[in-house]
Amino acid sequence: MTDVPVVTVDGPSGSGKGTLAALLAKHFGWHLLDSGALYRIVAAIALERGIDLSAAQALAQMARGLDIRFENGQVVVDGVDLTDRIRHEEVGEAASRVAACVPVREAILDSQHSMRKPPGLVADGRDMGTVVFPDATAKIYLEASAQVRAERRYKQLKNKGLSVSVHALLATIIQRDERDTRRAASPLRPAKDAIIIESTSMSIEKVLEVSIAIVEQGLAST
Ligand code: C5P
């Protein structure tokens, strides 16, 4: 393990983890790991190359061979910009399927650990506090009702000019939660020492304020 502080932000799809993690990283001047992007990348490439989404070994081998770079908000894989592609619903859905494969999870573990660099890291995902960084300085688990998460996702997609219905998004979110919670490999659940924030009726500003206090408390007690 290392002395570099790490804050984990876990939670279900659309709970606002990504937004919160980015704001926390900015506030503390730390690095940011969007672990979901790694599963989305594996899924996007698998779809492109026609690899079966349950072919665990083939997916893991492919994942190990990828040159993944996060540069100025862009996601570049083997020299190709996949920033927009990996945000498609179809890719999110496929990501939750490839993420259920243990060899895929093992294949990307080292690259996640290698992101822990001074002065600190904020990592968001499903298993950041339980599996990837069990010794984290502070662990946050963000909850919100499925309905609110679907509405937030709808607004995000609409702002990007993509058209989907809230109803369809809600169905996808519920299905994805089910799969992420029930899988045997690193299921979605709060770490025993995580602090749960129920954000259904909280503004992002309030969630950030509470989270900063949690992180500061974690830093003070190390
Ligand atoms: O967070 P995001 O929606 O980008 O994640 C896409 C999928 O990747 C999730 O539905 C989940 O199945 C998987 N994932 C995971 N572990 C993580 C991050 C994401 O299994 N740490």
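Each remark here, short or long, concerns the structure printed above.
Given the structure is predicted, the values throughout are model-derived calculations rather than measurements.

### Some details on the overall build of the chain
The helix and strand inventory of the chain stands at 10 helices and 8 strands. Against the compact-globule benchmark of 17 Å for 222 residues, the chain has a radius of gyration of 17 Å, which places it among compact chains. Projecting the C-alpha coordinates of the chain onto the three principal axes gives extents of approximately 50 × 40 × 35 Å. The 222 residues of the chain split such that 47% are buried. Restricting the contact set of the chain to residue pairs at least 6 apart, pairs at least 24 apart contribute 75%. For the chain, the accessible surface area stands at approximately 10,800 Å², while carbon and sulfur atoms represent 53% of it. Between the mean site of the 27 positive side-chain charges and the mean site of the 28 negative ones, the chain shows a separation of 2 Å.

### Some words on the site of the ligand
The ligand sits among 17 residues. The nearest are R40, R105, D127, D180 and R183. Taking R126, its side chain carries an N or O atom lying 2.9 Å from an oxygen atom of the ligand. D127 is positioned such that a nitrogen or oxygen atom in its side chain is 2.8 Å from a nitrogen atom of the ligand. For the ligand, the accessible surface in isolation is 460 Å², of which the surrounding protein chains cover 96%. When residues of the shell around the ligand are traced back to their parent elements, those giving at least two are α2 (35-49), α4 (89-98) and α9 (166-182). Here the element with the most residues in the shell around the ligand is α2; it accounts for 4 residues. Within the shell around the ligand, the residues separate by chemical class into 4 nonpolar, 4 polar and 9 charged.

Procedures and definitions
Residues numbered from 1 in each chain as written. Predicted model: local features only at pLDDT ≥ 70, side-chain atom pairs only at ≥ 80, totals over all residues. Heavy atoms only, no water. Helix = DSSP H or I, 4+ residues; strand = E, 2+ residues; numbered from the N terminus. Rg over C-alpha atoms; globule rule 2.2 N^0.38 Å. Buried < 20%, exposed > 50% of the residue type's maximum accessible area, 1.4 Å probe, protein only. Contact = heavy atoms within 4.5 Å. Areas by Shrake-Rupley, 256 points an atom, 1.4 Å probe, with all protein chains shown as cover. Lys, Arg positive; Asp, Glu negative; His and termini not counted. Charge placed at Lys NZ, Arg CZ, Asp CG, Glu CD. Near = heavy atom within 4 Å. Polar contact = N/O pair within 3.5 Å; in protein donor to acceptor, adjacent residues only side chain to side chain. Nonpolar A, V, L, I, M, F, W, Y, C, P; charged D, E, K, R; others polar.

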